[in-house]
Amino acid sequence: MSSLSSDAHLMACAHQLAIQSRFLTDPNPRVGCVLVDASGAVLGQGRTQPVGGPHAEVMALRDAAAQGHSVAGATAYVTLEPCSHHGRTGPCCDALIAAGIRRVVASIADPNPLVAGQGFERLRAAGVEVEIGPLAEEARELNIGFFSRMVRKTPWVRLKAAASLDGKTALENGTSQWITSEAARTDGHAWRARAGAILTGVGTVIEDDPRLDVRLVETTRQPPLVIVDSHLQTPPTARLFEIERMVWIYAATRDESKAAALEARGATVSCMANSQGKVDLAAMLRDLAAREVNELHVEAGHKLNGSLMREGLVDELLLYVAPKFIGDGLGIASQPHAGGALTSLGDALALEFRTFDAVGPDLRIVARVAGRHRF
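Quick caveat, the model's predicted, so the values are computed rather than measured.

Chemist: I'm lost on the packing of helix H3 (residues 92-99) against helix H4 (residues 118-125) in this one. Help?
Modeler: If you want to describe how two helices pack, look at the angle between their axes and the distance between the axes. Running from N to C, H3 and H4 cross one another at 20 degrees; their axes reach a closest spacing of 9 Å. Regarding the angle of H3 to H4, the classification is roughly parallel. Read as a crossing pair, H3 and H4 show a hand that is right-handed. On H4, the residues touching Cys93, Asp94, Leu96 and Ile97 of H3 are Gly119, Arg122 and Leu123.

Chemist: Got a minute to help me understand H3 in this structure?
Modeler: In an α-helix, one turn spans 3.6 residues, which is why side chains three or four residues apart end up on the same side. Every buried residue of H3 is accounted for by Cys92, Cys93 and Leu96. Across the axial projection of H3, the buried residues extend over an arc of 105 degrees, all falling on one side. The secondary structure elements touched by the buried residues of H3 are helix H2 (56-66), strand E3 (75-78), strand E4 (103-106) and H4. A positive backbone phi angle near 90 degrees is found at glycine 100, which sits one or two residues after H3.

Chemist: What should I look at first to understand the packing of aromatic side chains in this one?
Modeler: Tallied over the full model, the rule gives one aromatic pair. With 4.9 Å between their ring centres and 50 degrees between their planes, phenylalanine 353 and phenylalanine 356 make a pair best called tilted. Directly above the aromatic system of phenylalanine 23 lies the positively charged group of arginine 22, at a separation of 4.7 Å from the ring centroid. Above the ring of tryptophan 178, the side-chain terminus of arginine 185 is found at 4.3 Å from the ring centroid.

Chemist: I would appreciate a short explanation of the packing of H2 against H3 in the present structure.
Modeler: Close contact between H2 and H3 brings their axes to 9 Å; oriented N to C, the two are set at 30 degrees. Relative to H3, H2 is oriented roughly parallel. Seen along the crossing, H2 lies across H3 with a hand that is left-handed. Seen from H2, the contacting residues are Glu57, Val58 and Leu61; seen from H3, they are Cys92, Ala95, Leu96 and Ala99.

Chemist: What is the right way to look at the sheet that holds strand E6 (residues 156-164) in this model?
Modeler: Pairing between the strands of a sheet is mediated by backbone hydrogen bonds and can be parallel or antiparallel. Reading across the sheet, the nine strands line up as E11-E10-E9-E8-E12-E6-E13-E16-E15 and stay open at both edges, with mixed pairing between neighbours. Of all the strands in the sheet, the pair left with one neighbour each is strand E11 (267-271) and strand E15 (351-359). On average, each strand axis in the sheet is tilted by 20 degrees relative to the strand beside it, whichever way the strands run. Looking at chain direction, E15 and strand E16 (residues 362-369) are connected through eight bridges and run antiparallel. Of the residues in E16, the one forming a bridge with aspartate 357 is arginine 364. The strands touched by helix H11 (residues 302-310) are E6, strand E8 (197-201), strand E9 (225-228) and strand E12 (295-298); relative to E8, the strand with the most contacts, the crossing angle is about 115 degrees.

Thresholds, definitions, all that
Residues numbered from 1 in each chain as written. Predicted model: local features only at pLDDT ≥ 70, side-chain atom pairs only at ≥ 80, totals over all residues. Heavy atoms only, no water. Axes fitted to C-alpha atoms, helices over the stretch in contact; angles between N-to-C directions. Helix = DSSP H or I, 4+ residues; strand = E, 2+ residues; numbered from the N terminus. Parallel < 35°, antiparallel > 145°, perpendicular 65-115°, else oblique. Left-handed = near helix turned anticlockwise from the far one by under 90°. Contact = heavy atoms within 4.5 Å. Buried < 20%, exposed > 50% of the residue type's maximum accessible area, 1.4 Å probe, protein only. Arc of directions from axis to C-beta. Phe/Tyr/Trp six-rings, centres within 6.5 Å; stacked < 30°, edge-to-face > 60°. Lys NZ or Arg CZ within 6 Å of the ring centre and 35° of its normal. Pairing = 2+ DSSP bridges.

In structure tokens, the structure reads:
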């Protein structure tokens, strides 16, 4: 096996480890690391642990030590630049240097301004050979929310919807359970599990009384729940409070008695109004980024979906399409375009299809706002 093909194979192994950490690491990025000797034999491997725990490089070093392997002169394959700052843990670049690693192959630089190439610089200054590039796009895609938060200062907003083949998410009377199959619902819970937070609107809370938690897949964490609730109409008795997690409610006006009742249930109430007397959604996203939310998973009604799309705040659609034809009913988003109904097809929101996958009898489509990933 040539050096280039060996690098690609070992980085693919590191990437698989990173994928395995996608439900664990938020707000940290999902990273995998493989350590090999000069012959290509694996000495140790690891993936980033839950926040506050060791990063992938330290886990790989510990794995090698547990097996009695020396890593002096070894190569580290890591899917993101080793960190160079003291955060919740120490710098991974220093740990690699201290262990005697000779060469580091990394997929991509860390966009965190506290790192941003400094990890590579410190490695090189210590005499470690550094190569960058294998599986860079895959590493970035796996951490698209982390890159978004670091570069744009907003989370990556993924809007999930389940619809019929003719694009209806509910009957005219509001009935929506269940348009798609159990398999699609289970898959949707996996996307909830990887999110930094789940967002919905107060209309959904009042009409459906959902828990909006992760139940159908295994997870060690419940993402925070975000509720857009301009006038604090969320009932303190709502089922969403049955789940142990953070609940953040964004309002346009603050009624002290209503806020106190919600805060008594453990919610955090923030007031962010726009000029129309509704929640300032763009300001809310900036605030969520400050709360270290990488990926924001939206499961809301057509009105809030329309508002997010109209303001250009949606990055990606996660759409489950059932082989059903409903006819009259509610769509994914009401008034999704600024200025109301379009008069030209050229003004339609342009999307780029990313993936198509069968999930049970349904189809899962991931489509991205054109050009949105180029930041």
